[in-house]
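One letter stands for each residue in the lines below.
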Amino acid sequence: MPLLGITMSKIRPLFNPYFTVSTPDGRNGIRIRQLNIPDFRKQIMDGWQAKAAPSKTYNANHGRERGRRSFDIDDPSKPQLVEIVREQVQLLATEYNYQGRSATLASSQILLYTEGPGCPVHCDDQDAADDDYGMGTVMFNWANQLVALLFLTQEDTDFTGGQLFFPNADFYVNAVPGKLIAFPGHYKYKHGVTPIHSGTRVLLQTTWRFDL
């Protein structure tokens, strides 16, 4: 039932101060782990190249995706990779004050970046209401969203450029297969990807919601 023109079911209130109160640059909420994972690079690349078109191309005219050249591809490896990330997210729950609470997968996609501008700076949460969601809808998920990225390709070997960076913290992350980086989705963790100069950058992007 809308209240004052707002769809209440789309609002997630501020339950967890850790996600909303941190150092000014947000750096203290970034966690990096190096995991041993199967090498799916050839399988993913062969599967992508065998298709006439990717399963999804981002709309270059929409908000944070503007100028981004990346593809969301389907691959049989994704369920196994998601479960690897799920295990790590549950282990990280204590560090984010969510001990004893289950993490639910909100989204997952294997992103393949080709040569181009990378990705503009954005945050993965707190999307403003717009035509994509309908007027009167507020997309707030500040309290309980965690982003977890798992790199699947090697910087300076599989591609050049394409560094993940957090401008608020002046922090850059090199891509190494099996490197997992997790951070809250709110505004203090704005991030982007520098231009891809050559090759193909591949990662698993996931978002998780902790039960409240």
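For clarity, every value in this text was computed on a predicted model and none was experimentally measured.

Each value, and the rule that gives it
- Residues numbered from 1 in each chain as written.
- Predicted model: local features only at pLDDT ≥ 70, side-chain atom pairs only at ≥ 80, totals over all residues.
- Heavy atoms only, no water.
- Pairing = 2+ DSSP bridges.
- Helix = DSSP H or I, 4+ residues; strand = E, 2+ residues; numbered from the N terminus.
- Axes fitted to C-alpha atoms, helices over the stretch in contact; angles between N-to-C directions.
- Polar contact = N/O pair within 3.5 Å; in protein donor to acceptor, adjacent residues only side chain to side chain.
- Salt bridge = Lys/Arg side-chain N within 4 Å of Asp/Glu carboxyl O.
- Buried < 20%, exposed > 50% of the residue type's maximum accessible area, 1.4 Å probe, protein only.
- Expected span 1.5 Å × (residues − 1).
- Arc of directions from axis to C-beta.
- Contact = heavy atoms within 4.5 Å.
- Lys, Arg positive; Asp, Glu negative; His and termini not counted.

Draft legend 1. Local environment of the sheet that holds strand β9 (residues 171-173). Taken in spatial order, the 4 strands of this open sheet run β5-β11-β8-β9, and their pairing is antiparallel. Both outer strands of the open sheet, β5 (119-122) and β9, are each paired with one neighbouring strand and no more. Across the sheet, the mean angle from the axis of one strand to that of its neighbour is 15°, orientation sign disregarded. Here 3 bridges tie strand β8 (residues 164-166) to β9, and the two strands are oriented antiparallel to one another.

Draft legend 2. Geometry of the environment of Tyr96. Tracing the backbone through its elements, the reader meets Tyr96 in the loop between α3 (78-92) and β4 (103-113). A C-alpha to C-alpha distance of 9.1 Å links Tyr96 and Leu146, two positions 50 residues apart in sequence. Looking at Tyr96, its side chain comes within polar contact range of the main-chain oxygen of Ala182, at 3.5 Å.

Draft legend 3. Spotlight on the pattern of salt bridges. Across all of its chains, the model carries 6 salt bridges by this definition. Where Glu95 meets Arg33, a salt bridge forms, and the shortest distance between an N and an O atom there is 2.9 Å. Separated by 62 residues along the polypeptide, Glu95 in the loop between α3 and β4 and Arg33 in strand β1 (residues 31-34) bring together distant segments of the chain. Residue classification places Glu95 among the partly exposed residues on the basis of a relative accessible area of 31%. Through salt bridges that share partners, Arg31, Arg33 and Glu95 make up one connected network.

Draft legend 4. Spatial organisation of α3. The terminal C-alpha atoms of α3, which comprises 15 residues, lie 21 Å apart, in line with the 21 Å expected from a rise of 1.5 Å per residue. Where α3 is concerned, the buried positions are Lys78, Leu81, Val82, Val85, Gln88, Val89 and Leu92. Angularly, the buried residues of α3 cover 125° about the axis, an arc narrow enough to put them on a single face. Exposed residues pointing more than 90 degrees away from the buried face of α3 are listed as Pro79, Glu87 and Leu91. On its buried side, α3 packs onto β1, β4, β6 (145-151), β10 (179-184) and β13 (201-210).

Draft legend 5. Structural view of unusual backbone geometry. Although it is not a glycine, Asp156 adopts a positive phi angle of roughly 70°. Structurally, Asp156 can be placed in the loop between β6 and β7 (159-161). Positive phi values are uncommon outside glycine, yet Asp170 reaches one of about 50°. Within the element layout of this structure, Asp170 appears in the loop between β8 and β9. When its relative accessible area of 60% is taken as the criterion, Asp170 is described as exposed.

Draft legend 6. Structural detail: the side chain of Arg201. Note that Arg201 resides in strand β13. Although Arg201 lies buried, it forms no salt bridge, and the closest oppositely charged side chain, Glu155, sits 6.9 Å away as judged by the N-O distance. From its side chain, Arg201 meets the backbone oxygen of Gly162 in a polar contact 2.8 Å long. Among residues more than four places away in sequence, those in contact with Arg201 are Leu111, Leu112, Tyr113, Phe151, Thr153, Phe159, Gly162, Leu164, Val193 and Ile196.

Draft legend 7. Structural detail: the side chain of Thr206. Tracing the chain through its elements places Thr206 in strand β13. A residue is classified by how much of its surface remains accessible, and Thr206, at 0% relative accessible area, is buried. Of note is the side chain of Thr206, whose polar atom sits 2.8 Å from the backbone oxygen of Ala148. Here Trp208 takes part through its side chain, which lies 2.8 Å from a polar atom of the side chain of Thr206. Setting aside its immediate chain neighbours within four residues, Thr206 contacts Val85, Leu105, Ser107, Ser108, Leu146, Val147 and Ala148.

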